[in-house]
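Next come the chains, spelled out residue by residue.
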Amino acid sequence: MAQHVAGPEIERLIQLLARLPGLGPRSARRAALHLIKKRETLLNPLSDAMRIANERIVVCSSCGNVDTADPCTICRDAKRDPSILVVVEDVSDLWALERSGAVNAKYHVLGGVLSPLDGVRPEHLNLERLVARVSEPGVTEVILALNATVDGQTTAHYITELLAHLPIKVTKLAHGVPVGGELDYLDEGTLSAAIRQRTSF
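Residues numbered from 1 in each chain as written. Predicted model: local features only at pLDDT ≥ 70, side-chain atom pairs only at ≥ 80, totals over all residues. Heavy atoms only, no water.

**What to know about the overall build of the protein**
For the record, the criterion: Where helices and strands are cited, they refer to DSSP runs of H or I of at least four residues and of E of at least two residues respectively, numbered from the N terminus. Should any heavy atoms of two residues lie within 4.5 Å, those residues are counted as being in contact. The Shrake-Rupley method, run with a 1.4 Å probe sphere, supplies the accessible areas, and residue values consider only the shown protein chains as cover. Charged residues are defined here as Lys and Arg on the positive side and Asp and Glu on the negative side; His and the ends of the chain fall outside this count. Charge placement uses NZ in Lys and CZ in Arg. For Asp and Glu, CG and CD serve respectively.
The secondary structure content of the protein amounts to eight helices and seven strands. Judged by the C-alpha coordinates and their principal axes, the protein covers about 65 × 35 × 35 Å. Across the protein, contacts joining residues at least 24 apart in sequence account for 55% of those joining residues at least 6 apart. With an accessible surface of roughly 12,100 Å², the protein has 56% of that area assigned to carbon and sulfur atoms. Here the protein contributes 22 positive and 24 negative side-chain charges, whose respective centroids are spaced 6 Å apart.

**Describing helix 5 (residues 91-100)**
As a reminder of what qualifies: Relative accessible area decides the class of each residue, using a 1.4 Å probe on protein chains only: under 20% of the type maximum gives buried, over 50% gives exposed, and in between gives partly exposed.
Buried within helix 5 we find Val-91, Asp-93, Leu-94, Ala-96, Leu-97 and Ser-100. Those residues of helix 5 that are buried are in contact with strand 2 (66-67), helix 4 (73-76), strand 3 (81-88), strand 4 (105-109) and helix 8 (188-196). Positive backbone phi, approximately 65°, marks Gly-101, located one or two places after helix 5.

**Considering the UniProt feature "zinc finger region: C4-type" (unreviewed entry) in the protein**
For clarity, the cut-off: UniProt positions are given in the numbering used here, feature names are shortened, and annotations may be inferred rather than shown by experiment.
In the numbering adopted here, UniProt assigns the feature "zinc finger region: C4-type" (unreviewed entry) to residues 60-75. Taken end to end, residues 60-75 comprises 19% helix and 12% strand; its first and last C-alpha atoms sit 9 Å apart.

**Some details on the pattern of salt bridges**
Here is the rule we go by: Whenever a carboxyl oxygen of Asp or Glu lies within 4 Å of a side-chain nitrogen of Lys or Arg, that contact is scored as a salt bridge.
Across all of its chains, the model carries seven salt bridges by this definition. Among the salt bridges present, the one from Arg-121 reaches Glu-123, with a minimum N-O distance of 2.7 Å. Here Glu-123 falls in the exposed class, since its relative accessible area comes to 54%. Residues joined in a network through salt bridges with shared partners are Asp-77, Arg-80 and Glu-98.

**Quick word on the pairing of strand 3**
For a regular strand, the rule is simple: side chains alternate between the two faces of the sheet. Cut-off, in case you're wondering: Only strands joined by at least two bridges in the DSSP assignment are considered to pair. For a crossover, the right-handed case is the one in which the path from the first strand over the helix to the second runs clockwise, viewed with the strands pointing away from the viewer.
Counting buried positions along strand 3 gives six out of eight residues, so the element sits mostly inside the fold. Both strand 3 and strand 4 contribute to a ladder of five bridges, which runs parallel. Opposite Val-86, over in strand 4, you have Tyr-107 as the bridge partner. Considered for its hand, the β-α-β crossover made up of strand 3, helix 5 and strand 4 is right-handed. Inspection of the sheet shows strand 3 paired to strand 5 (residues 141-144) by four bridges, in the parallel sense.

**Structural notes on the nonpolar core**
Most often, soluble globular proteins have nonpolar side chains that are buried together. Put simply, the rule is: Throughout, nonpolar core names a set of buried Ala, Val, Leu, Ile, Met, Phe, Trp, Tyr and Cys residues whose side chains join them through atoms within 4.5 Å.
By size, the foremost hydrophobic cluster in this structure holds 26 residues, and its most contacted members are Val-86, Val-88, Leu-97, Tyr-107 and Leu-173. Listing elements by their share of this core, those giving two or more residues are helix 4, strand 3, helix 5, strand 4 and helix 8. For this core, the element with the most residues is helix 5, which contributes four residues. Setting aside its immediate chain neighbours within four residues, Val-88 contacts Asp-93, Leu-94, Leu-97, Tyr-107, His-108, Val-109, Leu-110, Ala-145 and Leu-146. Among the nonpolar cores identified, the runner-up in size contains 19 residues, and Val-131, Val-134, Leu-146 and Ile-168 belong to it.

**Points about the packing of helix 1 (residues 8-17) against helix 2 (residues 25-37)**
As a reminder, the rule being used: Each axis is a line fitted through C-alpha atoms, taken for helices only over the stretch in contact, and angles between the N-to-C directions span 0 to 180 degrees. By definition in this entry, angles of less than 35 degrees are roughly parallel, angles greater than 145 are roughly antiparallel, angles of 65 to 115 are roughly perpendicular, and the rest are oblique. Crossings are assigned a handedness: left-handed for a near helix turned anticlockwise from the far helix by less than a right angle, right-handed for a clockwise turn. Each residue is assigned to one class: nonpolar for Ala, Val, Leu, Ile, Met, Phe, Trp, Tyr, Cys and Pro, charged for Asp, Glu, Lys and Arg, and polar for all the others, Gly among them.
Axis separation between helix 1 and helix 2 bottoms out at 8 Å; the angle between their running directions is 125°. As judged from the angle between their axes, helix 1 and helix 2 are oblique. As for how helix 1 packs across helix 2, the hand of that crossing is right-handed. Along its contact with helix 1, which presents Ile-10, Glu-11, Leu-13, Ile-14 and Leu-17, the element helix 2 presents Pro-25, Ala-28, Arg-29, Ala-31, Ala-32, Leu-35 and Ile-36. Here the contact of helix 1 with helix 2 is composed, by residue class, of ten nonpolar, no polar and two charged.

**Looking at the domain arrangement of the protein**
To be explicit about the condition: For every domain, the bounds stem from an assignment made automatically or drawn from a database.
Here the protein is partitioned into domain 1 (2-56) and domain 2 (79-172). The straight-line distance from the C-alpha centre of domain 1 to that of domain 2 is 35 Å.

**Notes on unusual backbone geometry**
Each neighbour pair has its own omega, and for Asp-70 with Pro-71 the value is 5°, a cis peptide bond. Among the structural elements, Pro-71 can be located in the loop between strand 2 and helix 4.

**Concerning the confidence of the model for the protein**
Here is the rule: Think of pLDDT as the predictor's per-residue confidence, scored from 0 to 100.
Per-residue pLDDT for the protein averages 91, and the proportion of residues at 70 or more is 96%. Looking at the elements of the protein, mean pLDDT is at its lowest for strand 7 (residues 199-200), recorded as 76, and at its highest for strand 4, recorded as 97.

If you want it as structure tokens, here you go:
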């Protein structure tokens, strides 16, 4: 039977760190130990940053991005092309596309994809706001930048049908995004090529 080697506060820190993506129990234990050793230069500033983030971060009422302002920095950016709306599954996909620098448009975060097996239906996604935004004057193209998974492509087909009555062009990312691949794990070059080679859906 495993013995606790530290007090309950440290064990709680390890358990919470282990919940983060990419960190298992061993990695969480190493991270916790590193934080404790670097208390003044890392643990205290990280603690302050997390407290402030928790107090100030909001979800943008326009696009669904997370930021410290509503509307978010991207929605307020006058240099972005307002005629193109890039639809993504999650904020991590938005950030991945931003890192690539491949598109200078507005975004719309769905907050997930349709998944009958997981019980995710159209009313669970940010689709009503999407239709309202696409119906606004000046929007001419919607880029469906969804993951090349079964659920992602099902969602893309659903959105295409949902927007069929509007006079806009609906495109999807070109091949180059591997089938079954997720945008957050792709390199900037692959994402740039996928945006440049997008095709009609």
